[in-house]
Amino acid sequence: MLNKRTVEDLEVEGKKVLVRVDFNVPMDKEGNITDDRRIREALPTITYLRDKGAKVILMSHLGRPKGKVDPQYSLKPVAKRLSELLMQQVIMSQDVVGEDALKKSESLKDGDVMLIENVRFHGEEEKNAPEFAKKLSSLGELYVNDAFGTAHRAHASTAGVADYLPSAVGFLIKKELDVMGKALSNPERPFVAILGGAKVSDKIGVIENLIDKVDALLIGGGMAFNFLKAMGKETGKSILEEDKVELASELLKKAESKGVKLLLPVDIVVAKEFKVDAEHMTVDAGEIPEDYMGLDIGENTRRIYSEIVENAKTVVWNGPMGVFEMPAFSKGTYAIAEAMSKVNGTTIIGGGDSAAAVEQLGFGDKMTHISTGGGASLEFLEGKTLPGIAVINDK
Ligand SMILES: Nc1ncnc2c1ncn2[C@@H]1O[C@H](COP(=O)(O)OP(=O)(O)OP(=O)(O)O)[C@@H](O)[C@H]1O
Ligand SMILES: O=C(O)[C@H](O)COP(=O)(O)O
């Protein structure tokens, strides 16, 4: 159980509450928000504080503007979307800790909601500079962190401010930790993890941490080729991190010694080129021709993986099974999403590309939990302490 104070432990009425949210949402070139899930997921904390009569001051980053003011990364479109969702005008300040932010925060009325500009317009944010954290903290009287997506960063707005204000976590962080924490520490079994995506190096920590906990680990995506190579199979032109093959071999041995089923694809959809309309065929996993690359798991693998997933009680998934952005190579990812939608138990999507894939394929509302964290959920699944949560006052 989470041993941190939550918003409900704070006396917020009439107080200026500084809330770190993760409004780092995808936008198109015209500045239209293409997926507002992170904004919607922050609403429970915002509306709770507003309805309790707090003066809500929100802060977030957007993109990576490298410590400079850059209009392309302004949070203005977010303020607009948030106003629509709250059905209330969100007050937006032109700066972060400047005169405008200070003046507007001072004149807030109970129940008002304000958003300051992108905290990453200041280089001190990512450096977690104490002076900057102090200035940010001076905007509020209490600090709430609800930015799960950025909880793995020790920045001024995610960690530094907690040195100056009484603190608590918001409902989103609480939900993320409750659901994922329970799955890891006390899962209903069978507990199955599915890992895919491009690079095995990103997921080594996750595999190592999960190997001790799961009943089966299903590997797909680009990272599968490291394991196939480690078993002495030919992988043709498939993506491969040569320096990680040895490690893949060690992980295979570890799984075997622990009696954990670590499954690899038995067949692969291969193509000569990395292209939407590339000609493709399915081959046995050990028989990828020299001039072909593997871009998805094959039909037999889809069947085997789906059956294991459907019979599980807890499933955690991170990383697509193939190049799901191209329809010809999205069947593996689709099969996993579909199998998960049939699970009679807990299904968790660990953010990032897999979350996007599940939404895109239309299975979003069939999952128990889709994390709002990409990097953050990976670090959580690795068993790491997230700095943005560690700094919050204990209960
Ligand atoms: N066989 C493959 N060959 C090349 N690329 C692949 C293959 N399988 C999957 N991918 C690519 O992997 C990418 C996703 O990998 P990544 O490791 O970033 O996943 P993720 O962990 O879900 O995302 P994030 O890092 O955002 O959390 C996708 O763009 C997909 O096209
Ligand atoms: O999208 C994310 O993963 C978070 O908002 C963190 O962003 P960052 O990787 O730029 O720190």
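Residues numbered from 1 in each chain as written. Chains lettered and ligands numbered in written order. Predicted model: local features only at pLDDT ≥ 70, side-chain atom pairs only at ≥ 80, totals over all residues. Heavy atoms only, no water.

Quick notes on the UniProt feature "binding site: ATP" (unreviewed entry) in the chain
As annotated in UniProt, the feature "binding site: ATP" (unreviewed entry) corresponds to Lys203, Gly294, Glu325, Gly351, Gly352, Asp353 and Ser354 in the numbering used here. These annotated residues cover 152 residues of sequence, and their C-alpha atoms reach 23.8 Å apart at the extreme, placing them across more than a single site. In the annotation above, Lys203, Gly294, Glu325, Gly351, Gly352, Asp353 and Ser354 are the residues that line the largest pocket. Here Lys203 shows up in helix α7 (residues 200-211). Not counting the four nearest positions on each side in its chain, Lys203 is found in contact with Gly196, Gly197, Met223, Asn318, Gly319 and Leu378. The class of Gly351 is buried, set by a relative accessible area of 3%. Discounting chain neighbours no more than four positions away, the residues touching Gly351 are Ser371, Gly373, Gly374 and Ser377. (UniProt positions renumbered as here; feature names shortened; annotations may be inferred. 1 Å grid on protein atoms, 1.4 Å probe; cavity = no way out; pocket = protein on both sides within 12 Å on 5 of 7 lines; lining within 4 Å. Helix = DSSP H or I, 4+ residues; strand = E, 2+ residues; numbered from the N terminus. Contact = heavy atoms within 4.5 Å. Buried < 20%, exposed > 50% of the residue type's maximum accessible area, 1.4 Å probe, protein only.)

Observations regarding the packing of helix α1 (residues 37-51) against helix α6 (residues 171-185)
Direction vectors running N to C along α1 and α6 enclose 130°, while the axes themselves pass 7 Å from each other. What the angle tells us is that α1 and α6 run oblique. Contacts from Glu41, Pro44, Thr45 and Tyr48 of α1 reach α6 at Phe171, Leu172 and Lys175. Residue composition of the contact of α1 with α6, grouped by class: four nonpolar, one polar and two charged. (Axes fitted to C-alpha atoms, helices over the stretch in contact; angles between N-to-C directions. Parallel < 35°, antiparallel > 145°, perpendicular 65-115°, else oblique. Nonpolar A, V, L, I, M, F, W, Y, C, P; charged D, E, K, R; others polar.)

Digging into the layout of surface pockets
Of the volumes computed, that of the largest pocket is approximately 580 Å³. Around the largest pocket sit 37 residues that line it, and Gly197, Ala198, Lys199, Pro320 and Asp353 are the ones nearest its centre. Mapped onto the lining of the largest pocket, the elements with two or more residues apiece are α7, α8 (224-230), β12 (293-297), α12 (352-360) and α13 (375-381). The biggest single contributor to the lining of the largest pocket is β12, with five residues. Here the lining of the largest pocket is built from residues that sort into 15 nonpolar, 15 polar and seven charged. (Points joined across faces, edges and corners; volume = space filled by probe spheres on them.)

A closer look at the packing of aromatic side chains
Here the structure, examined in full by the defined rule, presents two aromatic pairs. Arranged with centres 5.3 Å apart and planes meeting at 85°, the rings of Tyr48 and Phe171 form a pair that is edge-to-face. Of the two residues, Tyr48 sits in helix α1 while Phe171 sits in helix α6, which places them 123 residues apart along the sequence. Seen from their ring centres, Tyr334 and Phe363 are 5.2 Å apart, and the 65° between their planes marks the pair as edge-to-face. Taken together, the positions of Tyr334 in helix α11 (residues 331-341) and Phe363 in the loop between α12 and β15 (369-370) put the pair 29 residues apart, joining distant regions of the chain. (Phe/Tyr/Trp six-rings, centres within 6.5 Å; stacked < 30°, edge-to-face > 60°.)

Regarding the UniProt feature "binding site: substrate" (unreviewed entry) in the chain
When the UniProt feature table is mapped to this numbering, "binding site: substrate" (unreviewed entry) covers Asp22, Phe23, Asn24, Arg38, His61, Leu62, Gly63, Arg64, Arg120 and Arg153. Those annotated residues that line the largest cavity are Asp22 and Arg38. The exposure class of Asp22 is buried, given its relative accessible area of 6%. Mapped onto the elements, Arg38 comes out in helix α1. Beyond its immediate sequence surroundings of up to four residues, Arg38 is in contact with Asp22, Phe23, Asn24, Val25, Gly149, Thr372, Gly373 and Gly374. Polar contacts involving the side chain of Arg38 include one to the main-chain carbonyl oxygen of Asn24, which spans 2.8 Å. (Polar contact = N/O pair within 3.5 Å; in protein donor to acceptor, adjacent residues only side chain to side chain.)

Quick look at the site of ligand 1
Around ligand 1, the structure places 19 residues, and the nearest of them are Ala198, Lys203, Gly294, Asn318 and Glu325. Between ligand 1 and the protein, one listed contact pairs an oxygen atom with a side-chain N or O atom of Ser354 at 3.2 Å. When isolated, ligand 1 has an accessible area of 650 Å², and the protein chains bury 82% of it. Elements with a contribution of two residues or more to the shell around ligand 1: β12 and α12. For the shell around ligand 1, the residue count by class is six nonpolar, 10 polar and three charged. (Near = heavy atom within 4 Å. Areas by Shrake-Rupley, 256 points an atom, 1.4 Å probe, with all protein chains shown as cover.)

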